[in-house]
Amino acid sequence: PIDALIAVGELSRYTAEEASKKGMKKGSVWPCLDTEEAASILKRIAKLGDAILFKGSRDMSMENIISTLRGQVSSANLLSPAKRQGELCSTIFYIH
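All figures in this text were calculated on a predicted structure; none of them were measured in a lab.

Participant: What should I look at first to understand the pairing of strand β1 (residues 5-8) in this one?
Facilitator: In the case of a regular strand, side chains alternate between the two sheet surfaces. As paired elements, β1 and strand β2 (residues 29-32) share four bridges and run parallel to each other. Bridging from a neighbouring strand, Ala7 pairs with Pro31 of β2. Read as a crossover between parallel neighbours, the route from β1 over helix α1 (residues 12-21) to β2 is right-handed.

Given below as structure tokens:
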């Protein structure tokens, strides 16, 4: 199951609205205008044992969130297998 959704970008409110309509609990969905806001939320809610999926176009600069997380969590504790296809990038981090 997905426990939280942090959507980034000008249209993120639509993603958040749909997630709420589909049953995600209030307080577990955050629309953010930029990666700085998303990183701030993620730093507050991420905990040991979490798996975090980052998915977005290269234009969204999702790596900024990952860089912020690396500053918070020892890089030895973050595993980041990445897959890239065209303009999309998915990265999964596991916090141990």
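Participant: Got a minute to help me understand the side chain of Ser28 in this structure?
Facilitator: For Ser28, the location among the structural elements is in the loop between α1 and β2. Ser28 gets classed as buried once you look at its relative accessible area, which sits at 10%. Of the polar contacts made by the side chain of Ser28, one reaches the backbone oxygen of Lys25; its length is 2.5 Å. Those residues within four positions of Ser28 in sequence are excluded, and the remaining contacts are Asp3, Ala4 and Leu5.

Participant: Hey, could you run me through the confidence of the model for the protein in this one?
Facilitator: The predicted coordinates ought not to be read in detail in places where the model reports low pLDDT. Within the protein, residue pLDDT values average 78, and 73% of them lie at 70 or more. Taken together, the stretch residues 74-88 has pLDDT below 50 and engages in 34 contacts with residues farther than four places along the chain or on a different chain.

Participant: What is the right way to read the nonpolar core from this model?
Facilitator: Within soluble globular proteins, side chains that are nonpolar generally end up buried alongside one another. Ranked by size, the top nonpolar core spans 13 residues in total, and within it Leu42, Phe54 and Ile65 carry the most contacts. For this core, the secondary-structure elements that each account for two or more residues are β2, α2 (35-45), β3 (51-57) and α3 (63-72). Among the elements that take part in this core, α2 stands out by supplying four residues, more than any other.

Participant: Before we go on, may I ask you to explain the pattern of salt bridges in this structure?
Facilitator: Pairing between side chains becomes possible if they bear opposite charge and their charged atoms approach one another. Tallied over the full model, the rule gives two salt bridges. Where Glu18 meets Lys21, a salt bridge forms, and the shortest distance between an N and an O atom there is 3.3 Å. Taken as a pair, Glu18 and Lys21 lie in helix α1 at a separation of three residues, close to a single helical turn. With a relative accessible area of 38%, Glu18 lands in the partly exposed category. Among the ionic pairs, Lys47 bridges to Asp50, the shortest N-O distance being 3.6 Å.

The rules we used
Residues numbered from 1 in each chain as written. Predicted model: local features only at pLDDT ≥ 70, side-chain atom pairs only at ≥ 80, totals over all residues. Heavy atoms only, no water. Pairing = 2+ DSSP bridges. Helix = DSSP H or I, 4+ residues; strand = E, 2+ residues; numbered from the N terminus. Right-handed = clockwise from strand over helix to strand, strands pointing away. Buried < 20%, exposed > 50% of the residue type's maximum accessible area, 1.4 Å probe, protein only. Polar contact = N/O pair within 3.5 Å; in protein donor to acceptor, adjacent residues only side chain to side chain. Contact = heavy atoms within 4.5 Å. pLDDT = per-residue confidence, 0-100. Core = buried A, V, L, I, M, F, W, Y, C linked by side-chain atoms within 4.5 Å. Salt bridge = Lys/Arg side-chain N within 4 Å of Asp/Glu carboxyl O.

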